[in-house]
Amino acid sequence: MRKILYTLLLGIFSQQIIAQTLIIRNPEIDQMVQEISSDTLESYVRKLASFNSRHTLNTDAVNGMPAAQNWVLSKFNQFAKNSSGRMSAEIERFTIPADGRRIEKDSPAANVVATIKGTDPNDNRIFIISAHMDSRNKNVMDPDNQAPGANDDGSGTAAVIELARIMASHSFPTTIKFVAFTGEEQGLKGATYMSDKAKEEGWNISAVLNNDIVGNSESSGTLIKDNLKMRVFSETIPVAETEREASIRRYTGSDNDSDSRLLARYIKELGERYVDQFEVKLIYRADRFLRGGDQTAFARNGFTAVRMSEMNENFYYQHENVRVEDGIQYGDLPEFMDFEYLRKVSGVNLASLATLAHSAGKPENVRIDVRGLSNHSILVWEAPKVGKVKGYYVLMRETSSPVWEKKFFTTDTNLTLPYSKDNYFFAVQSVSEKGAEGLPVFPSPLTR
């Protein structure tokens, strides 16, 4: 009996070693991350900030929102020339209905969207990277006066444009959308339009990486200067959770393992793997305290979405009129940004997005066996519906740990571990033939 147990443990520890040796940087993704340029990001931000106002309701075709949208479209079309026909771009126009709050009358609006079509005709998954390109000053209803919006959210828009530039010349089995939303400051209008359309048309959106205020490394008030950390916000209990899902969550104690929380951990692991001397902080909130962003519109419709944001915000420059008051310069201007910091945040996005786009689908019907009392944990699952896999990682962490602590590799669709399910949480993710890890799946209980 001891010999059998020893053999079992030896096999498991061998799998641990295999897993550790497999987790290396993909040379193609590593090269793409290295191509991100802080100078290029700065040029995008300065161009966006040069338009007098990118307010959602601004109609100035020369120096306002329509002109800025046309410029972003021109960049996407420029990059599409290097895509061998895989990338296309458009300005998607729609009407925002009056809401009695920040939209006084039905108003025209538009999102700017670039799409890299996936090469696998059987894989209809879509991954979205987004930001909002609309800006505002102190008066959210002022569409005409200066609102440069360099950091909020020229920074996120610049990151989206830069990733489109670099990724356009590469192919991925899945589809990627690069989106510059409008209407965020007026109530998430552009994101709501796209997420509602996606739900109605049955888009298979696997993840949304929303970037909002990602280019500053110095806080107001506390004067903290730190370009070594960023935040990823993820919802704890899904806003679109069904009663059955709530019941399973309570039964398994998986309050900290929503799909967006699993995505946030994924981004932390991939971002820190590819971007040196940079930490991704997991923030256990859907967004900042009593505030929101475009990812919320997707979460409401049941899509997995997170918000990427800088670690320390500077409120002298956010939602302010450009002015000098009591010796302090206010206003969201490019000179107050840290473009090397923005390069690092963009690298986290690219590493995560490219790995996701190369990954196979999620394992299906992931279960943990609870039919008997045991100090072993038995996990079973089925192969994903799309993508070719070479194996799977079973992830494990203590219940008090925010991140996965062990990864066990197997080529089977089941694994027995000598760790009690009472003391650990588990998940399963697929590993594609090229070694790309997919999104993890938290197991539901196998009761019969």
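Since the model is a prediction, treat every value here as computed from it, not as a measurement. (Residues numbered from 1 in each chain as written. Predicted model: local features only at pLDDT ≥ 70, side-chain atom pairs only at ≥ 80, totals over all residues. Heavy atoms only, no water.)

1. Observations regarding the overall build of the protein chain
Link 1 in the chain: Check the secondary structure of the protein chain and you find 10 helices and 17 strands.
Link 2 in the chain: Computed over its C-alpha atoms, the radius of gyration of the protein chain comes to 23 Å, within 12% of the 22 Å expected for a compact globule of 448 residues.
Link 3 in the chain: Principal-axis analysis of the C-alpha atoms gives the protein chain an extent of 80 × 50 × 40 Å.
Link 4 in the chain: Taking all 448 residues of the protein chain together, 57% fall into the buried category.
Link 5 in the chain: The long-range fraction of contacts in the protein chain, counting pairs at least 24 apart against all pairs at least 6 apart in sequence, stands at 76%. (Helix = DSSP H or I, 4+ residues; strand = E, 2+ residues; numbered from the N terminus. Rg over C-alpha atoms; globule rule 2.2 N^0.38 Å. Buried < 20%, exposed > 50% of the residue type's maximum accessible area, 1.4 Å probe, protein only. Contact = heavy atoms within 4.5 Å.)

2. Brief notes about the nonpolar core
Link 1 in the chain: Counting 72 residues, the largest nonpolar core has Phe76, Met167, Phe178, Met230 and Leu350 as the members making the most contacts within it.
Link 2 in the chain: Tallying contributions element by element places helix H10 (residues 339-358) first for this core, with 11 residues.
Link 3 in the chain: Excluding anything up to four places from it in sequence, phenylalanine 178 contacts Phe76, Met87, Val112, Val113, Ala114, Ile116, Ile129, Val160, Leu163, Ala164, Met167 and Leu353.
Link 4 in the chain: Ranked by size, the runner-up nonpolar core spans 15 residues in total, among them Val113, Val179, Ala191 and Phe303. (Core = buried A, V, L, I, M, F, W, Y, C linked by side-chain atoms within 4.5 Å.)

3. Quick word on the packing of helix H4 (residues 65-80) against helix H5 (residues 154-167)
Pairs of packed helices are described in terms of their axes, by the angle between the two and the distance that separates them.
Link 1 in the chain: Direction vectors running N to C along H4 and H5 enclose 20°, while the axes themselves pass 8 Å from each other. The pairing of H4 with H5 is recorded here as roughly parallel in orientation. Note that H4 runs across H5; the crossing there is right-handed. Together, Trp71, Val72, Lys75, Phe76 and Phe79 of H4 and Val160, Ile161, Ala164 and Arg165 of H5 make up the contact between the two elements.
Link 2 in the chain: Along the lines of polarity and charge, the residues of the contact of H4 with H5 split into 7 nonpolar, no polar and 2 charged. (Axes fitted to C-alpha atoms, helices over the stretch in contact; angles between N-to-C directions. Parallel < 35°, antiparallel > 145°, perpendicular 65-115°, else oblique. Left-handed = near helix turned anticlockwise from the far one by under 90°. Nonpolar A, V, L, I, M, F, W, Y, C, P; charged D, E, K, R; others polar.)

4. Some points on the sheet that holds strand E3 (residues 125-132)
Link 1 in the chain: The strand order E1-E2-E4-E3-E5-E8-E6-E7 describes an open sheet built from 8 strands, whose pairing is mixed. The outermost strands of the open sheet, each flanked by one partner alone, are strand E1 (87-96) and strand E7 (279-283). Neighbour-to-neighbour, the strand axes of the sheet open up by a mean angle of 25°, direction not taken into account.
Link 2 in the chain: Where strand E6 (residues 229-233) and strand E8 (residues 305-310) come together, 4 bridges link them in antiparallel fashion. Paired with arginine 231 across the two strands is serine 309, which belongs to E8.
Link 3 in the chain: Sitting on the sheet, helix H6 (residues 189-201) is in contact with E1, strand E2 (107-116), E3, strand E4 (175-181) and strand E5 (204-211), with an inclination near 105° to E1.
Link 4 in the chain: In the packing of helix H8 (residues 259-274) onto the sheet, contacts are made with E5, E6, E7 and E8, and the angle to E7 comes to roughly 170°. (Pairing = 2+ DSSP bridges.)

5. Comments concerning unusual backbone geometry
Link 1 in the chain: A cis amide bond, omega 0°, links aspartate 152 with the succeeding residue aspartate 153.
Link 2 in the chain: You can see aspartate 153 is positioned in the loop between E3 and H5.
Link 3 in the chain: One non-glycine residue, leucine 188, adopts positive backbone phi at about 60°.
Link 4 in the chain: Along the polypeptide, leucine 188 turns up in the loop between E4 and H6.
Link 5 in the chain: At asparagine 365, a residue that is not glycine, the phi angle is positive and equals roughly 50°.
Link 6 in the chain: With respect to the helices and strands, the residue asparagine 365 is situated in strand E11 (residues 364-369).

6. Regarding helix H2 (residues 27-35)
Link 1 in the chain: Listed as buried for H2 are Ile29, Asp30, Met32 and Val33. All buried residues of H2 project into a common sector of 160° when viewed along the axis, lining one side.
Link 2 in the chain: Among the structural elements, H5, H8 and H10 are those in contact with the buried residues of H2.
Link 3 in the chain: Backbone nitrogen of glutamate 28 and a side-chain oxygen of the N-cap are separated by 2.8 Å at the start of H2; the cap is asparagine 26. (Arc of directions from axis to C-beta. Polar contact = N/O pair within 3.5 Å; in protein donor to acceptor, adjacent residues only side chain to side chain.)

7. Some points on the packing of aromatic side chains
Within a pair of aromatic rings, the relevant descriptors are the distance that separates the centres and the angle that separates the planes.
Link 1 in the chain: Enumeration over the complete set of coordinates arrives at 13 aromatic pairs.
Link 2 in the chain: When the ring of phenylalanine 94 is compared with that of tyrosine 193, the centres are 4.3 Å apart and the planes differ by 5°; the resulting orientation is stacked. Here phenylalanine 94 is found in strand E1, whereas its partner tyrosine 193 is found in helix H6, with 99 residues between them in sequence.
Link 3 in the chain: On the basis of relative accessibility, which here comes to 28%, the residue tyrosine 193 falls in the partly exposed class. (Phe/Tyr/Trp six-rings, centres within 6.5 Å; stacked < 30°, edge-to-face > 60°.)

8. Brief notes about the sheet that holds strand E12 (residues 377-382)
Link 1 in the chain: Strands sit in the order E15-E12-E11-E17 across an open sheet of 4 strands; the sheet is mixed. Pairing within the sheet leaves two strands with one partner each, and these edge strands are strand E15 (414-417) and strand E17 (444-446). On average, each strand axis in the sheet is inclined to that of its neighbour by 30°, with strand direction left out of account.
Link 2 in the chain: With 3 bridges joining them, E11 and E17 adopt parallel strand pairing.

9. Some words on the environment of leucine 353
Link 1 in the chain: Within the secondary structure layout, leucine 353 lies in helix H10.
Link 2 in the chain: For leucine 353, a relative accessible area of 0% corresponds to the buried category.

10. Comments concerning the environment of valine 394
Link 1 in the chain: The residue valine 394 is located in strand E13 (residues 389-398) in this model.
Link 2 in the chain: Since its relative accessible area comes to 0%, valine 394 is described here as buried.
Link 3 in the chain: Apart from residues no more than four positions distant in its own chain, valine 394 is found in contact with Leu379, Trp381, Lys406, Lys407, Phe408, Leu415, Leu417, Phe426, Ala427 and Val428.

11. Structural notes on the pairing of E15
Link 1 in the chain: Of the two faces of E15, only one is covered, namely that formed by Leu415 and Leu417; the face formed by Asn414 and Thr416 stays uncovered.
Link 2 in the chain: The sheet contact formed by E12 and E15 spans 4 bridges and is antiparallel. Within E15, the residue paired with isoleucine 378 across the bridge is threonine 416.

12. Some thoughts on the packing of helix H3 (residues 38-50) against H5
Link 1 in the chain: As a packed pair, H3 and H5 sit with axes 9 Å apart at the nearest point and diverge in direction by 130°. Between H3 and H5, the angle is such that the two are oblique. The chirality of how H3 crosses H5 is right-handed. Together, Thr40, Leu41, Tyr44, Val45 and Leu48 of H3 and Gly154, Ser155, Thr157, Ala158, Ala159, Ile161, Glu162 and Arg165 of H5 make up the contact between the two elements.
Link 2 in the chain: Of the residues in the contact of H3 with H5, the class split is 7 nonpolar, 4 polar and 2 charged.

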